[in-house]
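Here is what each chain is made of, one letter per residue.
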Amino acid sequence: MQDTIEQALINRLKKGDGEALEEIYDLYAPVLLSISMRYMSCREDAEDVVHDSFIKILKGIKKFKPRFEGAFEAWIKRITVNTSINFLRNKAKMTGINGQIHDADTIPDPSTIDIDLPEKMEPETAIKLIRELPAGYRTVLNLYVFERFSHKEIATELNISVNTSKSQLSKARALLRKKVIIKYTLQQTVEK
Amino acid sequence: MKEDKNIDQLIRSSLADYKPLPEAKSKERFLDSATAILAKSKGNSFSWKYLAIAAAILFGLMGIVYYYIADNNSQKINNELTKTENNIKVNDRIESSQEINNNTSVDETKENNTFNTEIIDTPTDEAINKEPNLHSTYTGLQIHSNNDNNSKNLDNKTFIAKDNANKEIINTNKLTPYSLNDVSQRDQFTSQIIQKTSSNTHLYVTADIEEKKRHKRPYSDQKTLNMAYSLNYSPEFVFNIIESNKIMHNIGADVHFKLFNNKYLIRTGLGASVSKGYYEYAVDYNEYLGSYSGLDSISFAWDENHYHLLPTYYKSEREVFDTAIQTDISRVYKRFTYLRLPLVLGYDFITKETYSLGIRFGPVLSVLLNNKTLSEDYNPDKDKIIQINQITPDRINTNWLLMAGINVGIYSKSKLFFELEPQFSYYFNSVYQKYDSSKPPFSVGIRLSVGIK
């Protein structure tokens, strides 16, 4: 059913139906924003990425041919991921910031090793913690955990070595874990 | 490892259903941009529809031209048959050809000249094409024949008197019509013709209106019929455009079809239009101020001999940029090549053997084929570029204009002809994709052309 609606929307968009634009934005903008917000450090940048992604989708829609169910959503998600990475890459070029990482942050605190992670976090909290990660860590973590890229694919995408990818992921996990535990330990302490 | 999976699972599950709503202004911004893209996309397809329509019109007109040519040919064959038939009938009634000696008339008008005049009706095509042998090859009706009792009103046909020596054509429409039965009228008619011609020559009168047209036709070669081919060059100065370089060079090859008494023309063909322009960019940057060697890290080694630490400094070169953002305007010069497809209609007011004068007008479709970057005058050096915004809008892919001009044609005795055509062109849409100016561009130019009949 969803696929039929999706196909109808795509067809209308291909014909240049202005109303289909709004419908497709309402349907998919939240999905794309959830992706871009994981990559970007601020919401404004994430919204810019969604905007650019939709423009790319619109320009490429005539060439898009769905080859399997859900192909459209997969396609637009991939566009958003690529746009996010390009955005970060351009921003890094312009600002010269390569992510000021302090290794001390990623060294596991012995006191946190045995602490169990919570079962679930609020999405806003999870996003906030991910966005606090340095850009390099964040990107690798996103590609590996959410987009399910292999290290080889990440290395190709980001033009880094496989070992760097593994190393960045490891550090990202450690840092994120530390942030989660601090966040929840602090929360529990405050609650007590 | 287990911890790794836990953290992965945690963030994945936490964000599984996370779908934040974008801000309303983001949606508006997207819809504005998207509508513009859709409009542009529609605009392009609209132009291609026009291209298809233009092609259909072109082929339709070509079909009409070929039909006209074919019809013209069959009509000529019919005329030939009719003429031959008439000649046979008339010759039955005529005992012999007879030359008229209008010595009386001649003596009155041209002293010391003896006119040996022969008035002949409806010569054949061969006779016209081989003018020096006209007299010898033609065996038509001699209208002054004593045996001819037919009354002939000249209003019914257009008569041409041809002076064989000076190759002048005299239109006898304005002469007094006469009846073949009336000898005085006939002599008066003959006298009028003689007065208009030079001396000592044969006069031929033709009643074939088509022959008259053929003699006046600039493209006189009947085998090529009414078609001609030409190469043209036309410099064009365009106004109401952003760039200061207004000159455009057009070259092309045309095919001309002359219709309906050679007064009307259809001209089409292929051409290329080459112009130079530039795109302006606003470049925001942080100025490069210099560099220094920054300390990355220090490692220490224990010097056992001296009982102290030996530091090793790891440094890297660091560049320093001004924090203030400055803006430069950069220009990228480009050459634009358009394919031009004209469909020009024309009407000639004057058509003589050696020249013609008329008007030309019609639409011209331009399709962008290529834009090549010629030079860039911006060198950022070591400055850190923040962003680049294109100021000058992109050139449009397809463009329509309406051209009107005055055409002067000069025809040589050979097959060559030359044309000079001052033109004015009005562009239906801007040459830019996004240009808010309410004034559409217009241009003036001159078309120089050389061709063969």
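Draft legend 1. Looking closely at the overall build of chain A. When helices and strands are tallied, chain A shows 10 helices and 0 strands. When its helices and strands are written in sequence order, chain A yields α-α-α-α-α-α-α-α-α-α. Residue burial in chain A is summarised as follows: out of 192 residues, 44% are buried. Across chain A, contacts joining residues at least 24 apart in sequence account for 69% of those joining residues at least 6 apart. Accessible surface, chain A as shown: approximately 10,300 Å² in total, 52% of it carbon and sulfur.

Draft legend 2. View of the environment of A:Lys128. Relative to the assigned elements, A:Lys128 resides in helix α7 (residues 123-131). Sequence-wise, A:Lys128 and A:Met37 are 91 residues apart; in three dimensions their C-alpha atoms are separated by 9.1 Å.

Draft legend 3. Layout of the confidence of the model for chain A. Looking at chain A as a whole, its pLDDT mean stands at 81, while 83% of the residues score no less than 70. A low-confidence stretch, residues 96-102 of chain A (pLDDT under 50), is modelled with 5 contacts involving residues beyond four sequence positions or located in other chains.

Draft legend 4. The arrangement of empty space enclosed by the protein in detail. Residue and element names in this part refer to chain B. Applying the stated criterion across every chain, the model contains 7 cavities of 30 Å³ or more. In this structure, the largest cavity occupies an estimated 230 Å³ of space. As for the largest cavity, its lining consists of 20 residues, of which Asn232, Ser234, Arg340, Pro342 and Arg447 are closest to the centre. Ranked by residues supplied to the lining of the largest cavity, first place goes to strand β7 (residues 247-259) with 5 residues. Taken together, the residues that form the lining of the largest cavity break down as 8 nonpolar, 7 polar and 5 charged. Of the voids in this model, the second largest cavity is the one considered here, and its volume is about 80 Å³. Contributing to the lining of the second largest cavity are Met248, Ser273, Tyr338, Arg340, Ser366, Arg395, Ile396, Asn399, Leu401, Tyr427 and Val431. Looking at the lining of the second largest cavity, the elements that each hand over two or more residues are β9 (308-351) and β12 (398-411). A class-by-class count of the residues in the lining of the second largest cavity yields 6 nonpolar, 3 polar and 2 charged.

Draft legend 5. Spatial organisation of helix α2 (residues 18-39) of chain A. Residue and element names in this part refer to chain A. With 22 residues, α2 ought to run about 32 Å at 1.5 Å a step, and its terminal C-alpha atoms sit 30 Å apart, in line with that. The largest bend in α2 comes to about 45°, at Tyr28, with the proline Pro30 one to four residues further on. Of all 22 residues making up α2, 16 are buried, and the element is well covered by its neighbours.

Draft legend 6. Layout of the side chain of B:Asp8. Locating B:Asp8 in the fold gives a position in helix α1 (residues 2-14). The class of B:Asp8 is buried, set by a relative accessible area of 6%. Those residues within four positions of B:Asp8 in sequence are excluded, and the remaining contacts are A:Tyr144, A:Val145 and A:Arg173.

Draft legend 7. Region of interest: the interface of chain A and chain B. Counting residues at the interface gives 47 residues for chain A and 33 residues for chain B. Between chain A and chain B lies a buried interface of about 3,600 Å² when both sides are counted; carbon and sulfur atoms form 67% of it. At the junction of chain A and chain B, the tally comes to 5 salt bridges. A salt bridge links B:Glu23 to A:Arg43, with the nearest nitrogen and oxygen atoms 4.0 Å apart. Going through the elements one at a time, α2, α3 (43-60), α4 (71-95), α7, α8 (135-146) and α10 (162-191) of chain A are the ones with two or more residues in the side of chain A that touches chain B. The element best represented in the side of chain A that touches chain B is α2(A), accounting for 12 residues. Here the side of chain A that touches chain B is built from residues that sort into 26 nonpolar, 5 polar and 16 charged.

Draft legend 8. How the structure looks around unusual backbone geometry. Its identity as a non-glycine residue notwithstanding, A:Asn159 has a phi of 60°, on the positive side. As for its position among the elements, A:Asn159 is in the loop between α9 (151-158) and α10. Classification of A:Asn159 as exposed rests on a relative accessible area of 70%. Even without a glycine there, the phi angle at B:Tyr307 is positive, about 55°. Tracing the chain through its elements places B:Tyr307 in the loop between β8 (264-303) and β9.

Draft legend 9. View of the packing of α2(A) against α3(A). Residue and element names in this part refer to chain A. Where α2 contacts α3, the two axes come as close as 9 Å, and the packing angle between them is 130°. Taken together, the axes of α2 and α3 lie oblique to each other. Between α2 and α3 lies a crossing of right-handed hand. Of the residues in α3, those touching α2 at Leu21, Ile24, Tyr25, Tyr28, Ala29, Leu32, Leu33, Ser36 and Met37 are Arg43, Ala46, Glu47, Val49, Val50, Phe54, Ile57 and Leu58. Grouping the constituent residues of the contact of α2 with α3 by class yields 14 nonpolar, 1 polar and 2 charged.

Draft legend 10. Region of interest: the confidence of the model for chain B. All names here are of chain B. On average, residues of chain B score 69 in pLDDT, and 57% of them are at 70 or above. Segment residues 198-213 is flagged for pLDDT under 50; beyond a separation of four residues in sequence, or across chains, it makes 69 contacts in the model. Under the prediction, the complex receives an ipTM of 0.82, its pTM being 0.41.

Draft legend 11. Up close: the packing of α2(A) against α7(A). All names here are of chain A. Contact geometry of α2 with α7 gives a least axis separation of 7 Å together with a crossing angle of 40°. Considered as vectors, α2 and α7 are oriented oblique to each other. Note on element contacts: α7 touches α2 through Ile127, Ile130 and Arg131, opposite Ser34, Met37 and Arg38. In the contact of α2 with α7, the residues fall into 3 nonpolar, 1 polar and 2 charged.

Draft legend 12. Layout of the pattern of salt bridges. Taken as a whole, this structure holds 22 salt bridges over all chains when the rule is applied. The residue A:Lys179 makes a salt bridge to A:Glu132 at a minimum N-O spacing of 3.5 Å. Here the residue A:Lys179 occupies a position in helix α10, and A:Glu132 occupies one in the loop between α7 and α8, the gap between them amounting to 47 residues. Among the salt bridges present, the one from B:Arg331 reaches B:Glu280, with a minimum N-O distance of 2.9 Å.

How each quantity is defined
- Residues numbered from 1 in each chain as written.
- Chains lettered and ligands numbered in written order.
- Predicted model: local features only at pLDDT ≥ 70, side-chain atom pairs only at ≥ 80, totals over all residues.
- Heavy atoms only, no water.
- Helix = DSSP H or I, 4+ residues; strand = E, 2+ residues; numbered from the N terminus.
- Buried < 20%, exposed > 50% of the residue type's maximum accessible area, 1.4 Å probe, protein only.
- Contact = heavy atoms within 4.5 Å.
- Areas by Shrake-Rupley, 256 points an atom, 1.4 Å probe, with all protein chains shown as cover.
- pLDDT = per-residue confidence, 0-100.
- 1 Å grid on protein atoms, 1.4 Å probe; cavity = no way out; pocket = protein on both sides within 12 Å on 5 of 7 lines; lining within 4 Å.
- Points joined across faces, edges and corners; volume = space filled by probe spheres on them.
- Nonpolar A, V, L, I, M, F, W, Y, C, P; charged D, E, K, R; others polar.
- Expected span 1.5 Å × (residues − 1).
- Bend = angle between axes of the 7 residues up to and from the residue.
- Buried area = accessible area lost by both parts, 1.4 Å probe.
- Salt bridge = Lys/Arg side-chain N within 4 Å of Asp/Glu carboxyl O.
- Axes fitted to C-alpha atoms, helices over the stretch in contact; angles between N-to-C directions.
- Parallel < 35°, antiparallel > 145°, perpendicular 65-115°, else oblique.
- Left-handed = near helix turned anticlockwise from the far one by under 90°.

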